[in-house]
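Spelled out from the first residue to the last, the chains are:
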Amino acid sequence: MKKYRTLVLALAALLPFASHGGDADLVLRNGAILTMDPALPRASALAIRGERIVAVGGDGEMDRHVGPGTRQLDLKGRTVIPGLIDTHIHAIRGGQTYAFETYWYDAPSLAEALDRLSRDAARRPRDRWVAVVGSWHPRQFQERRAPARADLDRAAPAHPAYVQYLYDYALLNTRGIEVLGLDDARPAELPGITVERDAQGRATGRLHGGIGPFNALFARLSRDVDRQASLREFLRAMNARGLTGFIDPSAGGPEAYEPLFALRDRGELTLRAGYRISALRSGGEAEWFRNVMAFRPPRHDDGQIAFLGLGENLVTAMNDGVRMGPGFAPPEAARQELLRVAAYAAERRIPLEIHAYTDDAADAILDAFERVAEQHDLRPLRWSIAHLNTGSRRTLERMARLGLAYTVQMGPYFEGEAIGQANSQALAEVSPPVRAALDLDLRVAGGTDSTRIGVAGVWQAIQYHVQGRAIGGMVQREPGALLTREEALDLYTRQAAWLAFDEDDRGQLNVGKLADLAVLDQPYLSMPVDRIHTVDSVLTLLGGKPVHDTGALSAPAR
């Protein structure tokens, strides 16, 4: 059936303005449509019938698709793009606490950031937690510093407060220390977290940990959140930015997926969601994956939720976390375990994405993948390596030879300064190596890695690829490492759809494709580059149906 549909779409593409029969339900006219289709990159109008596009072209070419029941909208020159797809976002987990969290990624000053925390505290009962969980940097603030415990005490004196800086450290106010019992006669233990203490042995409010321990602690602090309602609100917020799809590389245990499945079953899922399964145990991961996958197909897509194989953490000891510098050297046992996981995935034709922050981690991963490629063609599997913040040309060349893809995220936007300190300023100015990858004809798809080390909504990531300025101006990427606006958009549309095995249906605006699209509130191709992060959608369609509509296009076209 998939091959038959592909043939039909291919034949339709030869007749780009032909209707499939019947009048269009909706015609959009007088726009600047960026189709992301190299054969017809620009258009001014398109027609939709049911969930698919039936015509793309000039305004006059839509007339024969208009009938008595056709709704027509005047785009008034607005830009239209294919619906955005974030290929690496922890949306399932992060979305479930969206309504609970305070966000600082766009706060210009520490004073404003603390005021946001105060406002959220005022809306909650006494002693309910308030939290900022990643995606901010002290250098973004006018004060050029992180908050102190006293700042958090003033902002939320009657509420425990938790402020996490990426995955580096977290801060508590005095009430937070009390609620967690860190200064009790027998202080409470926080697994995997080191509590900083002063000379008298009292907690200072500063915590040190890592990805797993901080995620576990925050799950404890946010346990009373209505996770389904929060996820629904988060997905609606993504629709408002023009998103119609995402891939989550690792959401946690089975219970983490239940709110997503519930939204689908209730008809309330407003994005096409892809997910991967990450190893939930350390050691023996190959056996674990064999058991989990025993009754699963390699991938499956019902049109709303797609299972896309294995994700991010395939072997725990091969994961370099958020390491900035060189020197990662996984043990031989871990290398052999990855070889077993990769061989099993290749045998079963299972897609996968694996985490590698550093070039050393990628090098060890590629050693295993090259062994597997001696027996299996990896190209059809669309395996990818994520992050690659310090990826070298040699690594990219090895990936290209294997037919791997590269999924790029926003780490260097927040961590550019740390990358420079751990390596060199020159390396930081070309990180992440997207331009080098594209020059090697490597497939590159765009993600954000939000919500802890990335900004959800894609546009901040797109601006970073085009402008190259890290948060707070810490690092400016060199001109030769930047992307054009069209190239950056391509990462989150056409290439993202390919990574999801959905290029027949999404990622471009041409005849036969699903009508997943966004009408933007600003002219993306000509607006000031430093304002790209502010782009919103005035109308977002998913399969031809509005999932976000500001009413700006309510007037009929003339």
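Residues numbered from 1 in each chain as written. Predicted model: local features only at pLDDT ≥ 70, side-chain atom pairs only at ≥ 80, totals over all residues. Heavy atoms only, no water.

Thoughts on the confidence of the model for the protein chain
The predicted coordinates should not be examined in detail at positions where pLDDT is low.
Step number 1: Chain-level pLDDT for the protein chain is 95 on average; 95% of the residues reach the 70-or-more range.
Step number 2: Here residues 1–20 is modelled with pLDDT under 50, and outside its nearest four sequence neighbours on either side it reaches 32 contacts, counting other chains as well. (pLDDT = per-residue confidence, 0-100. Contact = heavy atoms within 4.5 Å.)

As for the pattern of salt bridges
Step number 1: For the coordinates displayed, the defined rule picks out 35 salt bridges.
Step number 2: Residue glutamate 178 is joined to arginine 175 by a salt bridge in which the shortest nitrogen-to-oxygen separation is 2.8 Å. Taken as a pair, glutamate 178 and arginine 175 lie in helix H5 (residues 174–180) at a separation of 3 residues, close to a single helical turn.
Step number 3: Assessed through its relative accessible area of 46%, glutamate 178 is described here as partly exposed.
Step number 4: Via salt bridges that share partners, Arg335, Asp363, Asp367, Glu370, Arg394 and Arg398 belong to a single interconnected network. (Salt bridge = Lys/Arg side-chain N within 4 Å of Asp/Glu carboxyl O. Helix = DSSP H or I, 4+ residues; strand = E, 2+ residues; numbered from the N terminus. Buried < 20%, exposed > 50% of the residue type's maximum accessible area, 1.4 Å probe, protein only.)

Examining the nonpolar core
Step number 1: Ranked by size, the top nonpolar core spans 144 residues in total, and within it Tyr162, Leu207, Phe369, Trp383 and Tyr524 carry the most contacts.
Step number 2: Each residue touching tyrosine 524, except ones within four places of it in the same chain, is listed here: Leu34, Thr79, Trp459, Ile462, Val466, Arg485, Glu486, Ala488, Leu489 and Ile532.
Step number 3: Ile48, Ile53, Leu517 and Leu539 belong to the second largest nonpolar core, which has 19 residues in total. (Core = buried A, V, L, I, M, F, W, Y, C linked by side-chain atoms within 4.5 Å.)

A word on the packing of helix H9 (residues 285–293) against helix H10 (residues 332–348)
Step number 1: Contact geometry of H9 with H10 gives a least axis separation of 8 Å together with a crossing angle of 25°. Considering their axes alone, H9 and H10 lie roughly parallel with respect to each other. Facing Glu285, Ala286, Glu287, Phe289, Arg290 and Met293 of H9, the residues of H10 in contact are Glu337, Arg340, Val341, Tyr344, Glu347 and Arg348.
Step number 2: Class assignment for the residues of the contact of H9 with H10 results in 5 nonpolar, no polar and 7 charged. (Axes fitted to C-alpha atoms, helices over the stretch in contact; angles between N-to-C directions. Parallel < 35°, antiparallel > 145°, perpendicular 65-115°, else oblique. Nonpolar A, V, L, I, M, F, W, Y, C, P; charged D, E, K, R; others polar.)

Quick word on the packing of aromatic side chains
Step number 1: Within this structure, the stated rule accounts for 19 aromatic pairs.
Step number 2: In this structure an aromatic cluster arises from ring pairing among Trp104, Trp136, Phe141, Tyr165 and Tyr169.
Step number 3: Note that arginine 206 overlies the ring of tyrosine 169, its terminal NZ or CZ placed 3.8 Å from the centroid. (Phe/Tyr/Trp six-rings, centres within 6.5 Å; stacked < 30°, edge-to-face > 60°. Lys NZ or Arg CZ within 6 Å of the ring centre and 35° of its normal.)

A look at the pairing of strand E11 (residues 169–172)
Step number 1: Burial along E11 is two-sided: Tyr169 and Leu171 facing one way and Ala170 and Leu172 facing the other are all buried.
Step number 2: Alignment of strand E10 (residues 161–165) against E11, held across 4 bridges, turns out to be antiparallel. For tyrosine 162, the partnering residue across the bridge sits in E11 and is leucine 172.
Step number 3: Between the antiparallel neighbours E10 and E11 lie 3 residues, among them leucine 166 with a positive phi of about 45°.
Step number 4: In the sheet, E11 pairs with strand E13 (residues 203–208) via 3 bridges, with the strands oriented antiparallel. (Pairing = 2+ DSSP bridges.)

A short note on the packing of helix H11 (residues 359–373) against helix H12 (residues 393–402)
The packing of two helices is summarised by the inter-axis angle and the distance between the axes.
Step number 1: One way to put it is that H11 packs onto H12 with a least axis distance of 10 Å and a crossing angle of 25°. Relative to H12, the element H11 lies roughly parallel. Where H11 crosses over H12, the handedness of that crossing is left-handed. Here Asp359, Ala362, Asp363, Leu366, Asp367, Phe369, Glu370 and Ala373 of H11 come into contact with H12, specifically with Arg394, Thr395, Arg398, Met399 and Leu402. (Left-handed = near helix turned anticlockwise from the far one by under 90°.)

Digging into helix H16 (residues 459–467)
Step number 1: Buried residues dominate H16, accounting for 9 of its 9 residues.
Step number 2: If you check which residues of H16 are buried, you get Trp459, Gln460, Ala461, Ile462, Gln463, Tyr464, His465, Val466 and Gln467.
Step number 3: After H16 finishes, the residue glycine 468 shows a positive phi value of roughly 80°.

Looking at the sheet that holds strand E22 (residues 517–520)
Step number 1: In spatial order, the strands read E3-E2-E7-E22-E23-E24; together these 6 strands make up an open sheet with mixed pairing. The open sheet has two edge strands with one neighbour each: strand E3 (42–43) and strand E24 (545–549).
Step number 2: Relative to E3, strand E2 (residues 32–34) runs antiparallel, the two sharing 2 bridges. Looking across to E3, one finds that leucine 34 is bridged to arginine 42.

Focus: the domain arrangement of the protein chain
Step number 1: We note that the domain assignment places domain 1 (22–83 + 508–557), domain 2 (100–222) and domain 3 (227–506) within the protein chain.
Step number 2: The C-alpha centroid of domain 3 is placed 29 Å from the C-alpha centroid of domain 1.
Step number 3: Each partner contributes residues to the interface: domain 1 has 35 residues there, and domain 3 has 29 residues.
Step number 4: Roughly 2600 Å² of surface becomes buried between domain 1 and domain 3 when both sides are summed, with 57% attributable to carbon and sulfur atoms.
Step number 5: Looking only at domain 1, the three residues that lose the most surface to domain 3 are Met36, Tyr524 and His533, adding up to 22% of its buried area. (Domains from an automatic or database assignment. Buried area = accessible area lost by both parts, 1.4 Å probe.)

Digging into unusual backbone geometry
Step number 1: With omega at -5°, the peptide bond leading from serine 431 into proline 432 counts as cis.
Step number 2: One can find proline 432 in the loop between helix H14 (425–428) and helix H15 (434–439).
Step number 3: Following serine 450, the chain continues into threonine 451 via a peptide bond in cis, with omega recorded as 25°.
Step number 4: Along the polypeptide, threonine 451 turns up in the loop between strand E21 (443–446) and H16.
Step number 5: Positive phi, normally seen in glycine, also occurs at arginine 144, with a value near 55°.

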